[in-house]
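Chain residues, written in single-letter form:
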Amino acid sequence: AAAVATVRTAELSITAISKSRSKRHPTPPFTTSTLQQAASSRLGFGAQQTMSIAQRLYEGVEGSDGGLITYMRTDGVSMAG
């Protein structure tokens, strides 16, 4: 609490700015097992609940032109070029 008060009342200034380029590599797409693991650890979902939600997202919602995700029941992570 004291540190927050100090920062709020302090006069701060930027003394330097540096720019650099960096490459960020996206995380690979989920496989069935990594999707279930992430849903379990992040959301507390069981495997059945996870796959049920994924299936509904794949089928799409009313009024949409198609699914909201690509087919999720696969363990292939290669992307076609």
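Definitions and cut-offs
- Residues numbered from 1 in each chain as written.
- Predicted model: local features only at pLDDT ≥ 70, side-chain atom pairs only at ≥ 80, totals over all residues.
- Heavy atoms only, no water.
- Helix = DSSP H or I, 4+ residues; strand = E, 2+ residues; numbered from the N terminus.
- Contact = heavy atoms within 4.5 Å.
- Axes fitted to C-alpha atoms, helices over the stretch in contact; angles between N-to-C directions.
- Parallel < 35°, antiparallel > 145°, perpendicular 65-115°, else oblique.
- Left-handed = near helix turned anticlockwise from the far one by under 90°.
- Nonpolar A, V, L, I, M, F, W, Y, C, P; charged D, E, K, R; others polar.
- pLDDT = per-residue confidence, 0-100.
- Buried < 20%, exposed > 50% of the residue type's maximum accessible area, 1.4 Å probe, protein only.

### A short note on the side chain of Thr50
For Thr50, the position within the fold is in helix 3 (residues 47–59). Contact partners of Thr50, with chain neighbours within four places excluded, come to Leu35, Gln36, Ala39 and Phe45.

### Some remarks on the packing of helix 2 (residues 32–43) against helix 3
Contact pair helix 2 / helix 3: the axes reach a minimum separation of 9 Å and the direction vectors enclose 110 degrees. With respect to helix 3, the element helix 2 is oriented roughly perpendicular. Here helix 2 and helix 3 pass one another in a crossing that is right-handed. When helix 2 is examined against helix 3, the residues Thr32, Leu35, Gln36 and Ala39 are found in contact with a partner set consisting of Ala47, Thr50, Met51 and Ala54. Its residues assigned to classes, the contact of helix 2 with helix 3 shows five nonpolar, three polar and no charged.

### Details of the confidence of the model for the protein
Caution applies to low-pLDDT regions: their predicted coordinates should not be interpreted in detail. On average, residues of the protein carry a pLDDT of 86, and 89% of them reach 70 or more. Looking across the protein, the model is least confident in helix 1 (residues 2–9), with a mean pLDDT of 89, and most confident in helix 2, with 94.

### Description of the environment of Ala47
Relative to the helices and strands, Ala47 is located in helix 3. On the basis of relative accessibility, which here comes to 41%, the residue Ala47 falls in the partly exposed class. In this structure the C-alpha to C-alpha distance between Ala47 and Ser33, which are 14 residues apart in sequence, comes to 8.8 Å.

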